[in-house]
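Secondary and tertiary structure notes
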Amino acid sequence: IYGHHNLAVMERYGEGVAQVNPCPMAVCPEGNGDERTIHICMVTTPAWGSAARKVVRRIDSNDPCHLTITDELELNEALPVTFNLHSHHPVTVSGNKAVFAAERSTLVVTWEWNGEVVCAGQKLRDGEHRPVYQLAVRSKPGTEHALVTKLAISAQGRPQAVAR
């Protein structure tokens, strides 16, 4: 599976809170890894201006097929946070699990936090007019959030039609 885009954004009145642009400080990921593992931490607090006291994303993987994304936010007002994942592949949702099925692979997303699925379908089109599918899972409003989301990739894709 390729072509995924992911971010977590705080929301006010159903709209994403705007980031400071240009960001007043460079946001550079720090971490380590090798050909099988990766451990990254990104402090993006400066990009959110007065909306947040702390915004940190950690991405951890001990093998190439499993990622854990941890979003920690301390906000100046009680707001929900939405975890967004965009893909060129269709998504289905059941409980706290979403599945993006490509031709030869599957991405399973699970969240370990009390989130409401507010979008699970085609939301956009890309610059080449291909459909873009979105998974959006929104937390309850709060001033502190610790959202742990897991991604697992397998080589099993959606069933193919049998040629006759």
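Below, the structure is looked at part by part. Each chain has its residues counted from 1, running along the sequence as written. The predicted nature of this model means local features are confined to residues of pLDDT at least 70 and side-chain atom pairs, given and counted, to a pLDDT of 80 or more, with totals for whole chains, interfaces and linings taken over all residues. Heavy atoms throughout the structure, all of them, feed into the side-chain values; hydrogens and water do not.

Under the scheme used here, helices are H or I runs from DSSP no shorter than 4 residues and strands are E runs no shorter than 2 residues, and both carry numbers assigned from the N terminus. The helix and strand inventory of the chain stands at 0 helices and 13 strands. In sequence order, the chain lays out its α and β elements as β-β-β-β-β-β-β-β-β-β-β-β-β. To get the radius of gyration, use the C-alpha atoms; to get the globule rule, take the number of residues to the power 0.38 and multiply by 2.2 Å. Here the C-alpha radius of gyration of the chain, 17 Å, is about what a compact globule of 164 residues would show, namely 15 Å. For the chain, buried positions account for 35% of its 164 residues. Only heavy atoms matter for contacts: two residues are in contact if any of them lie within 4.5 Å across the pair. Look at the contacts in the chain between residues 6 or more apart in sequence, and 61% of them connect residues 24 or more apart. Where accessible areas are quoted, they stem from the Shrake-Rupley method and a 1.4 Å probe; at the residue level, only the protein chains shown are allowed to cover. A total accessible area of about 9,700 Å² is found for the chain, and carbon and sulfur atoms account for 52% of it. In this scheme, a residue with accessible area under 20% of its type's maximum is buried, one over 50% is exposed, and one in between is partly exposed, where area comes from a 1.4 Å probe on protein chains only.

By this definition, two strands are paired if DSSP reports at least two bridges between them. Taken together, 8 strands build an open sheet; the order of strands is 3-4-5-6-13-10-9-8 and the sheet is antiparallel. On the outer flanks of this sheet lie strand 3 (30-33) and strand 8 (91-94), each paired with one strand and no other. If you compare each strand with its neighbour and ignore which way they point, the axes differ by 15 degrees on average. Inspection of the sheet shows strand 6 (residues 66-79) paired to strand 13 (residues 142-154) by 10 bridges, in the antiparallel sense. Bridging from a neighbouring strand, Thr 70 pairs with Val 148 of strand 13. Axis lines are fitted through C-alpha atoms, for helices just across the contact stretch, and the angle between N-to-C directions can take any value from 0 to 180 degrees.

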